[in-house]
Amino acid sequence: MPTFAAVDIGSNSCRLKIASVHMHRLKTLHEDREVTRLGESVFQTGVISPEAMAATIRALKRFHKAVQMHASDKVRVVATSALRDARNADAFTEWVRSATGWHVEVISGLEEGRLIHLGVVTHEVGARGRCLMIDLGGGSCEVTLSDGGRVKSMVSMPLGAVRLTEFLPTDPPAKEDVARLKQLIDREIKKAERKIGAPRVGLVIATSGTAAALAEASGHAARKTAAKKTLQKKRLEHVGALTATTDEVRRITDRFVKMTNEQRAVIPGIGPRRSEIIVGGALVYTNLMERLGLKSFRYSPLGLRDGVLAQMLGDVDLRASVHQKIESERWAGVLEVCRRYGIDLKLTEPVREHVVQLFNALAKVHELPEEYRLWLESAAMMQDVGKFMNHQGNHRHTQYILANSEIFGFSPEQRAIVSALARYLGKTRPDAMDRVMRTIPLEEHTHVVRGIVLLRLAVALNQDRASATVRLRIHVYPRRVLLELVPGRGGAELEAWSLKKEAAYFREIFRRELFVEVA
């Protein structure tokens, strides 16, 4: 049974979760959390302070010991808003690598939202209907409209609780500072509203510490003021769940802005560390819930780390229910890129079908990991996006677009692999010292080169796009591979000629002869 570990380096705190796989599901073994305020100095000066770095490294070293103790088979470390903004992010990630051996993956706001959504819908049955998810962290706020377990729309806003604290320098906050902060929040949420629209959902799920604090604090305030009959009704409505209504959030927020840090700290659910940053987060929740017409939210302890673990499970366990969901999300991301850049799917679909056929039939020849089937399909579909910029040098443009675009469900490393597969479909062949190949982990170089050969064959099979698609029969022998072409209406001479041009490269990579015949 494999064991996975997920580390979330957030702007306010670092979190660790270790889980093992049982019957295609995850079972939590260990959790840890440390408030390090990595983003505090970033949002003020643009760089991570030495003190915040050192505090985070100490927490990560403790996490590293726990990971070793549980003999985790795979560790994924992701960082969010603070590392996205910090000018000295590279220095920090190198320190992490030196101290733990871990590679830190800085993910975008939309990828952060996708992973949070994945973590929630994987474990929360109620989240598989139509619902809205809100995650307000230290540096950013992600709002996701979900229906049937799938993301319908998503927006990431720079409205984190730590980030907004710099707008409130006095204790208690000055009225003019609060008013200025409200204007900033309102402007950002108006942008989000234009994208999400009126969500019209029956369930709102809020994650992260700000949501937990608001729910507990507002619930405590309600218990102090509500009549016994009303209180009993509230308990029946919210049994087993930590919730807060919009009116409750508004009332507790109005109290927060008038209190000192010391006064906020004694409120149940807040505490001394959360009290320093709760005002900005509470103002965001108040504005967001009122503007979108939300009645209440339900707090969920799930979050980014749960999504990372679900992703790790889905990537290795093809029988896990989350695997199909992840594949569906990725393919939707590929089709969205094709739509954005005007790709004609009728022209790229035959290339995709042929590369899948080659991948399956030549499995013993190429020995590629299973996930490369999807990487090759994706590269086949998106190979021409560079023509949106210029037909001349389109392969270079394609690589640049794919590597630097947000493709839903693909990590930066996976985008780098797909972009490299699409890059070398012309005269240029990959070299380990190429700029493109240097962005890919060294252990993946052999896989990428072999994938490129398969994709070049698939492209060669679709030269004469004006005629019917050529059908392919593949015969694998110990020292050679025979590709037998069954011509369409326009024959197969051009495709046969194009394939024969690839024979030398095929022999160089796979140490087998490639023969082409027309049936």
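Quantities reported herein were computed from a predicted structural model and do not represent experimental measurements.

(A) Representation of helix α20 (residues 412-423) within the structure. Helix length check: α20, at 12 residues, gives a terminal C-alpha distance of 16 Å against a target of 16 Å (1.5 Å per residue), a fit within 8%. Along α20, 10 of the 12 residues are buried, which leaves the element largely enclosed by surrounding structure. Those residues of α20 hidden inside the fold are in contact with α14 (304-316), α15 (321-340), α18 (372-382), α19 (394-404), α21 (435-438) and α22 (445-460).

(B) Representation of the packing of aromatic side chains within the structure. Applying the stated criterion across every chain, the model contains 4 aromatic pairs. Geometrically, the ring pair formed by Tyr285 and Phe297 is tilted, given 5.3 Å between the ring centres and 40° between the ring planes. With a gap of 12 residues between them, Tyr285 in helix α13 (residues 278-291) and Phe297 in strand β11 (residues 296-300) connect regions that are remote in the sequence. Grouping residues by exposure puts Tyr285 and Phe297 together as buried. Ring centres of Trp375 and Phe410 lie 5.6 Å apart, and the angle between their planes is 50°; this geometry places the pair in the tilted category. Of this pair, Trp375 sits in helix α18 while Phe410 is found in the loop between α19 and α20, placing the two residues 35 residues apart along the sequence.

(C) The pairing of strand β6 (residues 131-136), seen in detail. Counting buried residues in β6 gives 6 out of 6 residues, a clear majority hidden from the surface. Judged by which residues are buried, β6 turns out to be covered on both faces: Cys131, Met133 and Asp135 on one side and Leu132, Ile134 and Leu136 on the other are all buried. Sheet topology note: the β6/strand β7 (residues 141-147) ladder contains 6 bridges and is antiparallel. What sits directly across from Met133, in β7, is Thr144.

(D) Representation of the sheet that holds strand β10 (residues 243-245) within the structure. In spatial order, the strands read β8-β7-β6-β9-β11-β10; together these 6 strands make up an open sheet with mixed pairing. Every interior strand has two partners, whereas the edge strands, β8 (150-157) and β10, have only one. Each strand axis lies, on average, 20° off the axis of its neighbour in the sheet, ignoring direction. Two elements, β10 and β11, share 3 bridges in a ladder whose sense is antiparallel. Within β11, the residue paired with Thr245 across the bridge is Ser296. This element, helix α10 (residues 246-256), spans β10 and β11 of the sheet and lies at about 85° to β10.

About the cut-offs
- Residues numbered from 1 in each chain as written.
- Predicted model: local features only at pLDDT ≥ 70, side-chain atom pairs only at ≥ 80, totals over all residues.
- Heavy atoms only, no water.
- Helix = DSSP H or I, 4+ residues; strand = E, 2+ residues; numbered from the N terminus.
- Expected span 1.5 Å × (residues − 1).
- Buried < 20%, exposed > 50% of the residue type's maximum accessible area, 1.4 Å probe, protein only.
- Contact = heavy atoms within 4.5 Å.
- Phe/Tyr/Trp six-rings, centres within 6.5 Å; stacked < 30°, edge-to-face > 60°.
- Pairing = 2+ DSSP bridges.
- Axes fitted to C-alpha atoms, helices over the stretch in contact; angles between N-to-C directions.

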